[in-house]
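# Coordinates in review
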Amino acid sequence: MALAKLKADTTEARLSGLTVPAGFDAARKDALLRVVTMGLPSRRDEYWKYTDPTTLTAADAVAATVLEIDEPLLFGAVDQIKVVFVDGVFDAAASDDLTQEGLEIARLSDIADTDIHWAKDFYGTLETRGQNPVYRPLATLNTAFATDGIVIRATAKVKKPVSLVYLHKDDTSDVMLHSLVRVEAGAEVTVLENGPAAARFNSVLEVDVADGGAFHHVRAQGRDHERRAVTHCFARIGCESLFKSFTLTVNGRLTRNECIIEMLGDDAVAHVAGACVGDGDDFHHDDTVFITHDALNGESRQVFKKVLRNGAVGVFQGKILVKEGAQKTDGYQISQSLLLDGDSQFLAKPELEIYADDVACSHGSTSGAIDEDALFYLQSRGVSRQAGTDLLTLAFLAEALDEIGDDALADDLRDRLESWLARRS
Amino acid sequence: MLEIKGLMADLQDEDKTILKGVDLSIEAGQVHAIMGPNGSGKSTLSYILSGKDGYEVTGGSATLDGVDLLDMEPEERAAAGLFLAFQYPVEIPGVGNMTFLRTAVNAQRKARGEEELSAGDFLRVVREKAKSLKIDADMLKRPVNVGFSGGEKKRNEILQMAMLEPKMCILDETDSGLDVDAMKLVAEGVNALRSEGRSFLVITHYQRLLDHIKPDVVHIMANGRIIKSGGPELALEVENNGYADILEEVA
């Protein structure tokens, strides 16, 4: 079959230039086998119908000009443990000391040749679980070939966030990072991710939250116009646990953010939210979310807002799967786009699949233009059409930004977004 | 202050002529009222003066202190000193009332080449003006007009007017949807702003508002024109006899 052949050829071409790094040998070997079996995705795959993965699966990354901007680091004012990667390479000099009470932090590559480490058995586990019912071969590729990442184990409630800063300095960098987070029972940790990372970035974050644990994740994907990224967050959360993730995407040619959450314990809460601002017909942004309720009384929320103009394309594929027995599930999903002109597109595929009979699940999706009455009202008070549009744009995104639990981080993102909109570059 | 000469305008989408030659001259410090039956073009006049989309001016002129209004963007008209208190103030979810006020005040100051107000100064002024309009802190915090009662919305309009200190204020049926007490409060807010350098154009259906905001001149508008002008007694005549007599007399 021509299609199967094409897939095999693409996969082979991609793999031929890669070497399996040392460490996690069993997991990497398994992943390599799996990726060959699955084959890398093409647009013919249902799950990639709205986003063309060609540049993500190609043997070589397309070069991306580094955007030189002079502005302070996002979240810079927050007391944090900074971990810096420059084009995927750990920068020890720019990073903070990784010792912190209540946390064990290590680099993935540093524990690669350790014999005993909790991460040894965990690496690739959630990624593997996340392949059912839909294949995510780019994540498997990452498990096989990721060169580095960060490994965090939280044993207490820690306020100070671990801040992963991904700098992009090389136009041709092609990077795969794989990070692991284990939140022990009753513990709490916040992970920040910030920056464009590379010309092409493939990341996997596996998050295991034990009973009563809490994981907070706030991410801003950097403003380089030409960067491409596919990111995956696989989470498994226990009883009375909390998982909260927010992503801001501004610019970038292609971004696919996948978030796969399994709610395995009763009374668990999972919130995933995203705000995206896309400008130009070379902007394509895809949020793909899959939340599985497999326990009692779980609450999940998906809130995604996209502002698109000048031919930008936004995609949302969000699913809530309620398994048999997951009674009293409360699932909510909303995806909305603000289309600032007639050329931009929003494609939404909301899905509910429910096998329990006592649940409350709702989903909604809207696309709309700017409210001309509101805009005229602002103009009649002296606010320019441009500034008024920005104000209404921020107001539209506010509901997603409100999903961020931490006020300081939310304010920082809001301020930055405001200045980005005003500056238009 | 405001000079309107032979103003003619169509509704863009429907090819319908709404204003058929409006002449109106308001001097500095004066309060003029426009009354008229439904569909006479009163609200359209206010929209065209403030620059709303959807209308096409086909003739005539409108100037504010000699400056052509019709050529300007809505925000430029606002910066030039024009203010429209909306008949139906617009709800803007997600934008805090305070943010909205500060953005508006500073945008106008900037457009006029003045310094922006500091956050502290702004807050002090807003609180003071809000108090006299019985607008509480909660209303200032909430999104613009969202969940406001009819009275709250109209008071919020007057607060905006007080903050922006325009030269020429147009009040489009500010009394609609108000109970007697709310109307008094709004009228007091307007009266507090009356000054030598500031003019008002009050569009209303009822004489009642004009008991509180005393006009210098009353105009009757019908079928896209001002058909009769006179003193405050004209409003009383309308109140007592309706428009029929006046329409007949002019025809």
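Residues numbered from 1 in each chain as written. Chains lettered and ligands numbered in written order. Predicted model: local features only at pLDDT ≥ 70, side-chain atom pairs only at ≥ 80, totals over all residues. Heavy atoms only, no water.

On to the overall build of chain B. If you tally the helices and strands in chain B, you get ten helices and twelve strands. Taking 2.2 N^0.38 as the reference for a compact globule, 251 residues should give roughly 18 Å; the C-alpha atoms of chain B span a radius of gyration of 18 Å, in line with that estimate. Oriented by its inertia axes, the alpha-carbon framework of chain B measures out at about 55 × 40 × 35 Å. Relative to its 251 residues, chain B shows a buried fraction of 53%. Long-range pairs, those at least 24 residues apart, make up 69% of the contacts in chain B with a sequence separation of at least 6. For chain B, the accessible surface area stands at approximately 11100 Å², while carbon and sulfur atoms represent 46% of it. For chain B, the separation between the mean place of its 28 positive charges and that of its 41 negative charges on side chains is 6 Å. (Helix = DSSP H or I, 4+ residues; strand = E, 2+ residues; numbered from the N terminus. Rg over C-alpha atoms; globule rule 2.2 N^0.38 Å. Buried < 20%, exposed > 50% of the residue type's maximum accessible area, 1.4 Å probe, protein only. Contact = heavy atoms within 4.5 Å. Areas by Shrake-Rupley, 256 points an atom, 1.4 Å probe, with all protein chains shown as cover. Lys, Arg positive; Asp, Glu negative; His and termini not counted. Charge placed at Lys NZ, Arg CZ, Asp CG, Glu CD.)

What follows deals with the overall build of chain A. Looking only at helices and strands, one finds ten helices and 19 strands in chain A. Since a compact globule built from 425 residues should have a radius of gyration of about 22 Å, the 21 Å found for chain A is in line with a globular shape. Considering only C-alpha atoms, chain A reaches an extent of 70 × 55 × 50 Å along its principal axes. Burial statistics for chain A: of 425 residues in total, 60% are counted as buried. For chain A, the computed accessible surface area is about 16100 Å², with 50% contributed by carbon and sulfur atoms. When the 43 basic and 68 acidic side-chain charges of chain A are each reduced to a single mean position, those positions are 3 Å apart.

Bringing the sheet that holds strand β6 (residues 82-85) of chain B into the picture now. All names here are of chain B. Reading across the sheet, the six strands line up as β6-β9-β10-β3-β11-β12 and stay open at both edges, with mixed pairing between neighbours. What marks the edges here is a single partner per strand, and that holds for β6 and β12 (225-230). When the angles between neighbouring strand axes are averaged without regard to direction, this sheet yields 20°. Bridge count for strand β3 (residues 31-35) against strand β10 (residues 199-203) is four bridges, and the pairing is parallel. Bridge pairing in β10 places H32 opposite L201. Those strands touched by helix α1 (residues 42-50) are β3, β6, β9 (168-172), β10 and β11 (217-222), and its axis lies near 140° from that of β6. (Pairing = 2+ DSSP bridges. Axes fitted to C-alpha atoms, helices over the stretch in contact; angles between N-to-C directions.)

Residue and element names in this part refer to chain A. Taking strand neighbours across the sheet as the criterion, the ten strands line up as β2-β1-β5-β7-β9-β11-β13-β15-β17-β19 in an open arrangement whose pairing is mixed. A single partner strand is all that each edge strand has here, and the edge strands are β2 (89-90) and β19 (360-368). When strand β1 (residues 81-86) meets strand β5 (residues 162-167), the two strands line up parallel, connected through six bridges. Considered in β5, the bridge of V86 is made with L167. Where helix α9 (residues 385-401) meets the sheet, it contacts β11 (242-250), β13 (269-279), β15 (299-309) and β17 (330-339), and its direction lies at approximately 160° from that of β15.

What follows is about the interface of chain B and chain A. Taken residue by residue, the interface counts 30 residues in chain B and 15 residues in chain A. Across the chain B/chain A interface, buried area totals approximately 1800 Å², and carbon plus sulfur atoms make up 68% of it. At the junction of chain B and chain A, the tally comes to two salt bridges. A salt bridge links A:R381 to B:E157, with the nearest nitrogen and oxygen atoms 2.7 Å apart. Counting every contact that joins chain B to chain A gives ten residue pairs in polar contact (both at pLDDT 80 or more). Breaking the side of chain B that touches chain A down by element, the ones donating at least two residues are α1, α2 (74-79), β6, β7 (92-96), α3 (97-111) and α6 (150-164) of chain B. For the side of chain B that touches chain A, the element with the highest residue contribution is α3(B), accounting for six residues. Per-class residue counts for the side of chain B that touches chain A are 18 nonpolar, eight polar and four charged. (Buried area = accessible area lost by both parts, 1.4 Å probe. Salt bridge = Lys/Arg side-chain N within 4 Å of Asp/Glu carboxyl O. Polar contact = N/O pair within 3.5 Å; in protein donor to acceptor, adjacent residues only side chain to side chain. Nonpolar A, V, L, I, M, F, W, Y, C, P; charged D, E, K, R; others polar.)

Residue and element names in this part refer to chain A. Ranked by size, the top nonpolar core spans 115 residues in total, and within it F246 and L413 carry the most contacts. It is α9 that contributes the most residues to this core, eight residues altogether. Discounting residues that sit within four places of it in the chain, F246 has contacts with H217, V218, R219, A273, G274, A275, A400, L401, I404 and L413. Ranked by size, the runner-up nonpolar core spans 49 residues in total, among them A197, L205, I237 and F316. (Core = buried A, V, L, I, M, F, W, Y, C linked by side-chain atoms within 4.5 Å.)

Counted by the stated rule, this structure contains 40 salt bridges over all chains. The closest approach of N and O atoms between B:D121 and B:R124, which form a salt bridge, is 3.8 Å. Highlighted residues: B:D121 and B:R124, both in helix α4 (residues 119-132), separated by three residues, approximately one helical turn. Connected through shared salt-bridge partners, A:E104, A:R153, A:R182, A:E184, A:D208 and A:R236 make up one network.

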